[in-house]
Amino acid sequence: MNLDAVHTGLALFLLANLLAGLWRVLAGPTPADRMLSTQLFGTTAVALLAMEADTRGMPSLRDVALVFALLAAITAVAFVRRVWQPHGDGK
Amino acid sequence: MNALALACMVLGALFFLAGTVGLLRFPDVHARLHALTKADNVGLGFLLLGLALEAGSAAVAAKLFVTWCLVLLASASVSHVIARAALRRGVEPWQR
Amino acid sequence: MPAVSSTVFLRAGAVRAVLYALLWGVLVGFEPGSWSLGVPAVLLATWLSLRLLPPVGLRLLPVVSFLGYFAWHSLLGAVDVARRALAPRLRLAPALVPFETALPPGLPRVLLLNSISLTPGTLSADIRDDTVWVHVLDGAGGHEAALAGLEARLARVFCA
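Now for a look at the structure at hand. Keep in mind it's a predicted model, so treat the numbers as computed, not measured. (Residues numbered from 1 in each chain as written. Chains lettered and ligands numbered in written order. Predicted model: local features only at pLDDT ≥ 70, side-chain atom pairs only at ≥ 80, totals over all residues. Heavy atoms only, no water.)

### Some remarks on the nonpolar core
Counting 26 residues, the largest nonpolar core has Leu14 and Met51 of chain A together with Leu44, Leu51 and Leu64 of chain B as its most contacted members. Of all the secondary-structure elements, those providing two or more residues to this core are α1 (3-27), α2 (31-55) and α3 (60-83) of chain A together with α1 (3-25), α2 (29-55) and α3 (58-88) of chain B. In terms of residues, this core owes the most to one element, α2 of chain A, which gives 7 residues. In this structure Leu64 of chain B touches Ala50 and Arg62 of chain A together with Leu48, Leu51 and Ala52 of chain B, once residues within four positions along its chain are discounted. Core analysis: the next-biggest nonpolar cluster, separate from the first, contains 20 residues, Ala95, Leu118, Leu147 and Leu154 of chain C among them. (Core = buried A, V, L, I, M, F, W, Y, C linked by side-chain atoms within 4.5 Å. Buried < 20%, exposed > 50% of the residue type's maximum accessible area, 1.4 Å probe, protein only. Helix = DSSP H or I, 4+ residues; strand = E, 2+ residues; numbered from the N terminus. Contact = heavy atoms within 4.5 Å.)

### What to know about the interface of chain B and chain A
On the chain A side, the residues contacting the 42 residues of chain B number 46 residues. Summed over both partners, the interface of chain B with chain A buries about 3700 Å², with 75% contributed by carbon and sulfur atoms. Joining chain B to chain A, the criterion identifies 2 salt bridges. Across the pair Arg32 of chain B and Asp33 of chain A runs a salt bridge, and its minimum N-O distance is 2.3 Å. Remark: the boundary between chain B and chain A carries 8 residue pairs in polar contact (both at pLDDT 80 or more). For the side of chain B that touches chain A, the secondary structure elements donating two or more residues are α1, α2 and α3 of chain B. Per element, the largest residue contribution to the side of chain B that touches chain A is 15 residues, and it comes from α3 of chain B. Of the residues assigned to the side of chain B that touches chain A, the class counts are 29 nonpolar, 7 polar and 6 charged. (Buried area = accessible area lost by both parts, 1.4 Å probe. Salt bridge = Lys/Arg side-chain N within 4 Å of Asp/Glu carboxyl O. Polar contact = N/O pair within 3.5 Å; in protein donor to acceptor, adjacent residues only side chain to side chain. Nonpolar A, V, L, I, M, F, W, Y, C, P; charged D, E, K, R; others polar.)

### Quick notes on unusual backbone geometry
All names here are of chain C. In this structure, Asp129 takes a positive phi of about 50° despite not being glycine. As for its placement among the helices and strands, Asp129 is situated in the loop between β2 (122-128) and β3 (131-136). Here Asp129 falls in the exposed class, since its relative accessible area comes to 70%.

### Overview of a nonpolar patch on the surface
Residues and elements named next belong to chain C. Together, Leu44, Trp47, Leu48, Leu52, Leu53, Val56 and Leu58 give the surface a local cluster of nonpolar side chains, amounting to about 690 Å² of exposed area. Assignment of secondary structure puts Leu52 in helix α2 (residues 35-52). The exposure class of Leu52 is exposed, given its relative accessible area of 69%. (Patch = residues over 30% accessible without salt bridge, like charges linked within 9 Å, V, L, I, M, F, W, Y side chains within 5 Å. Areas by Shrake-Rupley, 256 points an atom, 1.4 Å probe, with all protein chains shown as cover.)

### Overview of the sheet that holds β3 of chain C
Strands sit in the order β1-β3-β2 (chain C) across an open sheet of 3 strands; the sheet is antiparallel. A single partner strand is all that each edge strand has here, and the edge strands are β1 (95-100) and β2 of chain C. Strand-to-strand, the axes of this sheet are offset by a mean angle of 30°, without reference to chain direction. Packing of α2 of chain B onto the sheet brings it into contact with β2 and β3 of chain C, and relative to β2 of chain C it is tilted by some 120°. Against the sheet, α3 of chain B touches β1 and β2 of chain C, its axis set at about 60° to β2 of chain C. (Pairing = 2+ DSSP bridges. Axes fitted to C-alpha atoms, helices over the stretch in contact; angles between N-to-C directions.)

### Quick notes on the side chain of Thr122 of chain C
Here Thr122 of chain C shows up in strand β2. Looking at Thr122 of chain C, its side chain comes within polar contact range of the side chain of Thr119 of chain C, at 3.3 Å.

### Quick word on helix α1 (residues 6-28) of chain C
For α1 of chain C, built from 23 residues, the straight-helix expectation of 33 Å at 1.5 Å per residue is met to within 8% by its first-to-last C-alpha distance of 32 Å. Considered for burial, the residues of α1 of chain C that qualify are Ala12, Gly13, Arg16, Trp24, Gly25 and Val26 of chain C. Against the buried residues of α1 of chain C lie α3 of chain B together with α2 of chain C. A positive backbone phi angle near 100° is found at Gly29 of chain C, which sits one or two residues after α1 of chain C. (Expected span 1.5 Å × (residues − 1).)

### Section: empty space enclosed by the protein
Here the structure, examined in full by the defined rule, presents 2 cavities of 30 Å³ or more. If you trace the largest cavity, you find it lined by Thr38, Gln39, Gly42, Thr43, Val46, Ala69, Ala72 and Ala73 of chain A together with Val71, Ala74, Ser75 and Val78 of chain B. Among the elements of the structure, α2 and α3 of chain A together with α3 of chain B are those that each provide at least two residues to the lining of the largest cavity. Per-class residue counts for the lining of the largest cavity are 7 nonpolar, 5 polar and no charged. Thr37, Lys38, Asn41, Val42 and Leu72 of chain B together with Ser74 and Leu118 of chain C are the residues that line the second largest cavity. For the lining of the second largest cavity, the per-class residue count stands at 3 nonpolar, 3 polar and 1 charged. (1 Å grid on protein atoms, 1.4 Å probe; cavity = no way out; pocket = protein on both sides within 12 Å on 5 of 7 lines; lining within 4 Å. Points joined across faces, edges and corners; volume = space filled by probe spheres on them.)

In structure tokens form, the structure reads like this:
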């Protein structure tokens, strides 16, 4: 079996997964439900980047994956602390 | 291609699928958090393990492992923060 | 902050410096040229970490045993939630249950909250005083024992 074909297949599968998860962003119903997508995007992006590092022979993409892991955490914490405080706007 | 590496990656992808299904099907934000934090983290773990086996390099494996630990730490903390914010904003857990 | 003797501080600093150096090596690669930036970065990180988190006494064997327990239970947790998600009929009976913790505030509690969220069927949703509010996927029971077991293992990790 061809390695690149397997990687591409898996990458497409994960992308489809990500797109399906986007439904939750649209449907909500609470802002917290929408924030769940950052969790999904965070882990899926790390997975895709780590695979692409192999497929494309670009090892630096592994560093990008690592930075994504850090950023996903910061995004969600920043959202909750600054935007969605109790008695804030937009429940 | 290494069969064990392939099996790990496919297993990882299946956990990702389960996480997304839970995200779409579960009744409230708290239950959805269960699905995402647990299934996606382990899915990513298997996927990265497969990639590490395939690469066959200790340096690559170590970097992927560090990345995975970061994701674990981040998503455990983030899920707590989201759950707490939801509770305190009055999003009551769904009950049967 | 409790007074810590300088030997404890030096020992903790040395251990952390070695760990940060390893991390630098993993991130950048163990190339001789990289250490002209690496050594200052490692020293800075060690200094910062000692300021932000004073030395904590950890016991090696319980740490290893906790990590093993944690890894196995994360896997069980993922399998559990995946089965629930993929089952034709959703079998969920969520509940919010209180759990009193005896662990001291700070690092031990943070670790408890995070590990609760990664073990089967439980998610730490809030903490008020000594009570952790745990969201469980199936309120039918069995969580008390699991949570107490987790807490006991975590307590052994820290020197008294």
